[in-house]
Amino acid sequence: MTVFFVGAGPGDPDLITVKGARVIARCRTCLFAGSLVPEAIIQSAPSGATVLDTSKMTLDQTHEAIMNAHARGDDVSRVHSGDPSLYGAIAEQIRRLKSEGVDYEIIPGVPAYAATAAALGQELTIPGLAQSIVLTRMSIQSTAMPPGETLENFARSGTTLVIHLAVRNMREIERRLTPFYGAGCPVVVAYRVGWPDQAIVTGTLSDIRKKVREARITRTALILVGPVLGEVTEFPDSALYDPRKPHVLRPVTGVELDETYNT
C-alpha cells in the first residue's frame, strides 16, 4: 500500500500531470482538498472508491482515513492543489506515515505562479532585470514565519516576489515594499488562476489595493511584485542562444570550450 501525494495543479483539470491523473484513476481511496481542488480532478477515481473532501477534516482525521485504507490494502491518492512541495502541509503527514512504516510517493504538480505567468503570457526571469523568484507568504492567522524571512529582507534583492496567503493584507504589502520597489512598481494579483472564474488584476504598489478591493477579491489569490511584470521591451537577449557565446553543445570555431562555462 502506498500513499501518493498528487499535485493537482492550480485548478484547470487539463494541467494535472499524466502520472497524477493515472494514480487518481487507480487508487481505491482518494482524499482531496475540496476548497482548492476542483471535483473534476478526482472524477476519474474508480467506481466505488472511497472519496473524501478533507477541507473540513483535521490532520488526525485525514491520517485515520489513510490508516483505514492501509488496513484494507488500498493505495491512496492524497490530492493537493498546485505542487504539494510548496505550502502543501505534507511534511506533518509524511512524518506520521514514516512513524507507521507506510510507503509514500510525491507526484509534483504545476504551481500557481507558473500558471499565472502563463496567463500573463510572459517570462518571469528576463535577462538584466530579474533572474530570481522568491516564493514566500505572510503571517496573518497562519503559522509564524521564521526569523529573517521578512518581506523587507526579500525586497532588498529587487527581484520578483510571489506572495501567497496575503490578499487580505494588501495595505501592509504596500507599506513594506514601497521603500524598496517604489510606488510605481508593477503588481499582479491572480485570483483562482486556472479556474473558470479566474481573474487577473494588474496595477502598481500605489493602486493595487484599491483595484483588489473593487474586484472583491478576499481569498485564493496570488500576489506577484517586481519590475519584470511591467511592459518591458528593452533587455539583452539571453546568452543561451547567442552565437558568440561558447556552448558545450554549440562550440564556437576557434574557441576552446571550458566545461564549466556558464551559459
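Structure shown above.
Residues numbered from 1 in each chain as written. Predicted model: local features only at pLDDT ≥ 70, side-chain atom pairs only at ≥ 80, totals over all residues. Heavy atoms only, no water.

Caption draft 1: Geometry of the overall build of the chain. When helices and strands are tallied, the chain shows 7 helices and 10 strands. If you line up the chain on its principal axes, its C-alpha atoms span 60 × 55 × 35 Å. Taken across its 263 residues, the chain has 41% of its residues classed as buried. Taking contacts inside the chain between residues at least 6 apart in sequence as the whole, the part at least 24 apart equals 65%. By element, 50% of the accessible surface of the chain is carried by carbon and sulfur atoms, the whole surface being about 14,300 Å². Counting 26 positive and 28 negative side-chain charges, the chain places the centres of these two groups 7 Å from one another. (Helix = DSSP H or I, 4+ residues; strand = E, 2+ residues; numbered from the N terminus. Buried < 20%, exposed > 50% of the residue type's maximum accessible area, 1.4 Å probe, protein only. Contact = heavy atoms within 4.5 Å. Areas by Shrake-Rupley, 256 points an atom, 1.4 Å probe, with all protein chains shown as cover. Lys, Arg positive; Asp, Glu negative; His and termini not counted. Charge placed at Lys NZ, Arg CZ, Asp CG, Glu CD.)

Caption draft 2: Molecular detail of helix α4 (residues 112-120). When α4 is considered as a whole, its buried residues turn out to be A115, T116 and A117. Buried residues belonging to α4 abut β8 (186-191) and β10 (221-225). Downstream of α4 by a residue or two, G121 has a phi angle that is positive, lying close to 70°.

Caption draft 3: View of the packing of helix α2 (residues 59-72) against helix α3 (residues 91-100). Packing of α2 against α3 leaves a shortest axis separation of 11 Å and a crossing angle of 40°. Taken together, the axes of α2 and α3 are oblique relative to one another. Both α2 and α3 take part in a crossing whose hand is right-handed. Seen from α2, the contacting residues are L59, D60, H63, I66 and M67; seen from α3, they are E92, Q93, R96, L97 and E100. Here the contact of α2 with α3 is built from residues that sort into 4 nonpolar, 2 polar and 4 charged. (Axes fitted to C-alpha atoms, helices over the stretch in contact; angles between N-to-C directions. Parallel < 35°, antiparallel > 145°, perpendicular 65-115°, else oblique. Left-handed = near helix turned anticlockwise from the far one by under 90°. Nonpolar A, V, L, I, M, F, W, Y, C, P; charged D, E, K, R; others polar.)

Caption draft 4: Up close: the packing of aromatic side chains. According to the stated counting rule, one finds 1 aromatic pair in the structure shown. Relative to Y104, the ring of F5 lies with its centre 6.3 Å away and its plane at 70°, an arrangement referred to as edge-to-face. On the criterion of sequence distance, the pair formed by F5 in strand β1 (residues 2-7) and Y104 in strand β5 (residues 103-107) is long-range, its members being 99 residues apart. Taking the relative accessible area as the measure of exposure, F5 reaches 0% and is therefore buried. (Phe/Tyr/Trp six-rings, centres within 6.5 Å; stacked < 30°, edge-to-face > 60°.)

Caption draft 5: Expanded view of the sheet that holds β8. Taken in spatial order, the 5 strands make up an open sheet running β6-β7-β10-β8-β9, and their pairing is mixed. The outermost strands of the open sheet, each flanked by one partner alone, are β6 (133-137) and β9 (199-204). Averaged over all neighbouring strand pairs, the angle between strand axes comes to 20°, with direction disregarded. Two elements, strand β7 (residues 160-164) and β10, share 3 bridges in a ladder whose sense is antiparallel. Residue pairing for β10: V162 is matched across the bridge by L224. (Pairing = 2+ DSSP bridges.)

Caption draft 6: Geometry of α3. Of the residues making up α3, those classed as buried are Q93, I94 and L97. Summarising the axial view, the buried residues of α3 lie within an arc of 95°, below the 170-degree limit, and thus occupy one face. Those residues of α3 that are exposed and angled more than 90 degrees off the buried face are A91, R95, K98 and S99. Once α3 ends, the next one or two residues include G101, with phi positive near 70°. (Arc of directions from axis to C-beta.)

Caption draft 7: Fine view of the pairing of strand β2 (residues 29-32). Along β2, one buried face is formed by T29 and L31 and the opposite face, lined by C30 and F32, is buried too. With 4 bridges joining them, β2 and strand β4 (residues 76-80) adopt parallel strand pairing. Within the sheet, the bridge partner assigned to L31 lies in β4 and is R78.

Caption draft 8: Representation of unusual backbone geometry within the structure. The backbone phi angle of A89 is positive, close to 55°, even though this residue is not glycine. Considering the arrangement of structural elements, one finds A89 in the loop between β4 and α3. Here A89 falls in the partly exposed class, since its relative accessible area comes to 43%. Of note, R216 is a non-glycine position whose phi angle comes to about 60°, a positive value. Taking the relative accessible area as the measure of exposure, R216 reaches 75% and is therefore exposed.

Caption draft 9: Fine view of the pattern of salt bridges. This model, assessed by the stated rule, comprises 11 salt bridges. In this structure, R176 and E172 form a salt bridge, with 4.0 Å as the shortest nitrogen-oxygen distance. On the criterion of helical spacing, the pair formed by R176 and E172 is a turn pair, its members being 4 residues apart in helix α6 (residues 170-181). Overall, R176 belongs to the buried group, its relative accessible area being 18%. A relative accessible area of 24% means that E172 is categorised as partly exposed. K210 is paired through a salt bridge with E214; the nearest N and O atoms lie 2.4 Å apart. Of this pair, K210 and E214 are both found in helix α7 (residues 208-214), 4 residues apart, which corresponds to roughly one turn of the helix. Relative accessible area serves as the criterion here: at 47%, K210 is assigned to the partly exposed category. (Salt bridge = Lys/Arg side-chain N within 4 Å of Asp/Glu carboxyl O.)

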